[in-house]
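One-letter residues, chain by chain:
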Amino acid sequence: MKSFLPVIAAALLLSGCVPEEFMLRIDPEAQTPLVVAALLPLSGTNRIYAEQMREGLLCAESDINANGGIGRRKLQLEILDTAGTAAGTRDAVEKAERLNAVGMIAGYSTEEVSMIITHSARLRMPTVIPLATSMYHLQVSPFVYRNSYSDAQQMEVLAAYLLSWRDLRRGVVLIDPVDAPEYSRGIARNFAQAVTDLGGEIVQTTILPESGEVPFSLVRELLARAPEFIIIPSQGKRAANILKTLRNNGFSGILCGPDSWDDTEFIDALADFEPGDCIYTAFFSPENPSAEFAEFRRKFRARFFHNPEACETQSYDALKFLAIGLAGVDNLPDFDKNWRSIRNHNGAAAIYTMLKKGEIDRTIYLNSIGVRRGSGKLVPYARLSRKLQYSKLEDYKITETPRK
């Protein structure tokens, strides 16, 4: 990964001042509100998630302004629709520039965020990613930060669960070209690496047909390799349908997934079906005991009449952290210093410590799928299996490894 901020530091030493390209779009003498633009796919295919993000962001805006704003300046949140397309993103970015925005929230998916952050350096806007997990996003620009974990981090946790805690070794990796292919490839690549690093074996990597079908011949080929676990890097109904296909064709091992499974659409699509042994990563758990989450949930429910989930909590935390970074600064090195002051911070979704180069240590949750059997129907539900701090992963491996 490129090391951006040491370059900034070197430039500071040589010039005695911050180069223009690292000055933020902030006039420190002004008293007008600081505008932050949230670029969301409100009319795109991910519009449901964008609306959830919007609600979390609105709660954060209210909290920030109720507590003095950003460095005593009011926060003005502008929510702009990207439609999830390149053209829509360009229009939203241009509008953010006209509004004199000083920072951005980028969401929702890997592909959508990739389109947004290519503009961050040119606009000199610190940009926070609440949900997309691509390893490459932080390499695009020194202005890009995240409060999400990365593909590598969540897959290391998932692999540790399978190999260190469940003592399994043989796995199959699926790649889905239909459902968020960039995300699917990133998850597949990092999962395979994490399993291999722990001494496991990926016995087959299979790209699913672009038609969306999962033919019996393909499933038979996979099962002939005798895998103990299979990862499905898809989301929503499609992930549920692939899961059902594998179960209906005789796979009885562990089916696992990334954070894209952490979605009510996925769980609801498993109604009246026995999903078996499943495990997946998640940004958030309603069982989070932090006072910050309890207060956020109370205010959120009073305002929107339902409980917050992952999109809402991650977006809420993202805007809170962007406000911390922007407080009292007019250049990127000072923003970065503020950002890295966030240490062992109990946010609504997780405990966070911000690291150099935009990296992060935070809580990662592992969920399984339970089934309620009342009224003659099977009703699946997500349940917390484990939670851990990423920086403590090696300690968990030692304490949880089964005895031979």
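Refer to the structure printed above.
Quantities reported herein were computed from a predicted structural model and do not represent experimental measurements.

J.: Sorry if this is basic, but what is going on with helix α13 (residues 310–326) here?
T.: Side chains of residues three or four places apart in an α-helix project in the same direction, reflecting 3.6 residues per turn. Under the 1.5 Å per step criterion, the end-to-end length of α13 is 24 Å for 17 residues, consistent within 8% with the ideal 24 Å. Most of α13 is tucked away, with 16 of its 17 residues classed as buried. Gly 328 occupies a position one or two residues after α13 and carries a positive phi of about 70 degrees.

J.: Before we go on, may I ask you to explain the packing of aromatic side chains in this structure?
T.: Aromatic rings considered in pairs are described by the distance between their centres and by the relative angle of their planes. Applying the stated criterion across every chain, the model contains 16 aromatic pairs. Members of the aromatic cluster, connected to one another through ring pairs, are Tyr 145, Phe 321, Phe 335, Trp 339 and Tyr 352. Against the face of Phe 273 rests Lys 244, its NZ or CZ located 5.9 Å from the ring centre. Between the NZ or CZ atom of Arg 372 and the centre of the ring of Tyr 381, over which it lies, the distance is 3.9 Å.

J.: Can you walk me through the packing of helix α4 (residues 110–117) against helix α8 (residues 181–197) in this structure?
T.: Between two packed helices, the angle of one axis relative to the other and the distance separating the axes together describe the packing. Where α4 contacts α8, the axes come no closer than 7 Å and their chain directions differ by 105 degrees. Of the possible angle classes, the one that applies to α4 and α8 is roughly perpendicular. Of the residues in α8, those in contact with Thr 110, Glu 111 and Ser 114 of α4 are Pro 181, Glu 182 and Tyr 183. Residue classes in the contact of α4 with α8 are distributed as two nonpolar, two polar and two charged.

J.: Whenever I open this one, the sheet that holds strand β5 (residues 144–146) confuses me. Can you help?
T.: In a beta sheet, neighbouring strands are held together by backbone hydrogen bonds and run either parallel or antiparallel to one another. If you walk across this open sheet you meet the five strands as β2-β1-β3-β4-β5, and the pairing is parallel. In this open sheet, the two edge strands, each paired with only one partner strand, are β2 (75–81) and β5. When strand polarity is set aside, the average angle formed by the axes of neighbouring strands in this sheet is 25 degrees. In the sheet, strand β1 (residues 34–40) pairs with strand β3 (residues 103–106) via four bridges, with the strands oriented parallel. Along β3, the bridge assignment pairs Ala 38 with Ile 105. Seen against the sheet, helix α3 (residues 86–98) touches β1 and β2 and runs at an angle of roughly 155 degrees to β2. Its contacts with the sheet place helix α14 (residues 332–339) against β4 (127–129) and β5, and it is angled at close to 10 degrees to β5.

J.: Got a minute to help me understand unusual backbone geometry in this structure?
T.: Where the residue is not glycine, phi is negative for most of them; where a peptide bond is considered, it is trans in most cases. The amide bond that connects Gly 107 to the next residue, Tyr 108, takes the cis arrangement and shows omega of 20 degrees. Its location among the elements puts Tyr 108 in the loop between β3 and α4. Its identity as a non-glycine residue notwithstanding, Asn 100 has a phi of 60 degrees, on the positive side. Relative to the helices and strands, Asn 100 resides in the loop between α3 and β3. Here Asn 344, not a glycine, exhibits a phi torsion of approximately 50 degrees, which is positive. Structurally, Asn 344 can be placed in the loop between α14 and β11 (345–346).

J.: When you look at the pattern of salt bridges in this model, what are you seeing that I'm missing?
T.: Note on pairing: side chains with opposite charge can pair once their charged atoms come close. Summed over all chains, the structure comprises 14 salt bridges. The closest approach of N and O atoms between Glu 20 and Arg 124, which form a salt bridge, is 3.9 Å. One end of the pair, Glu 20, is in the loop between α1 (4–15) and β1; the other, Arg 124, is in the loop between α5 (120–123) and β4, and 104 residues separate them in sequence. For Lys 299, the salt bridge is made with Glu 295, and the minimal N-O distance between the two is 3.7 Å. Separated by four residues within a single helix, Lys 299 and Glu 295 lie in helix α12 (residues 291–304), roughly one turn from each other. The class of Glu 295 is partly exposed, set by a relative accessible area of 32%. Members of the salt-bridge network, linked through shared partners, are Asp 63, Glu 292, Glu 295, Arg 298, Lys 299 and Lys 320.

J.: What am I meant to see in the environment of Ser 285 here?
T.: Mapping Ser 285 onto the fold places it in the loop between β10 (278–282) and α12. Taking C-alpha positions, Ser 285 is 7.8 Å from Glu 309, a pair spaced 24 residues apart along the chain. If we ignore the near neighbours within four places in the chain, the residues touching Ser 285 are Phe 293, Tyr 365 and Leu 384.

J.: Would you mind going over helix α7 (residues 151–165) with me for this structure?
T.: Between its first and last C-alpha, α7 extends 20 Å over 15 residues, near the 21 Å set by a 1.5 Å rise per residue. One or two positions beyond α7, positive phi appears at Asp 167, with a value near 60 degrees.

So, how was this worked out
- Residues numbered from 1 in each chain as written.
- Predicted model: local features only at pLDDT ≥ 70, side-chain atom pairs only at ≥ 80, totals over all residues.
- Heavy atoms only, no water.
- Helix = DSSP H or I, 4+ residues; strand = E, 2+ residues; numbered from the N terminus.
- Expected span 1.5 Å × (residues − 1).
- Buried < 20%, exposed > 50% of the residue type's maximum accessible area, 1.4 Å probe, protein only.
- Phe/Tyr/Trp six-rings, centres within 6.5 Å; stacked < 30°, edge-to-face > 60°.
- Lys NZ or Arg CZ within 6 Å of the ring centre and 35° of its normal.
- Axes fitted to C-alpha atoms, helices over the stretch in contact; angles between N-to-C directions.
- Parallel < 35°, antiparallel > 145°, perpendicular 65-115°, else oblique.
- Contact = heavy atoms within 4.5 Å.
- Nonpolar A, V, L, I, M, F, W, Y, C, P; charged D, E, K, R; others polar.
- Pairing = 2+ DSSP bridges.
- Salt bridge = Lys/Arg side-chain N within 4 Å of Asp/Glu carboxyl O.

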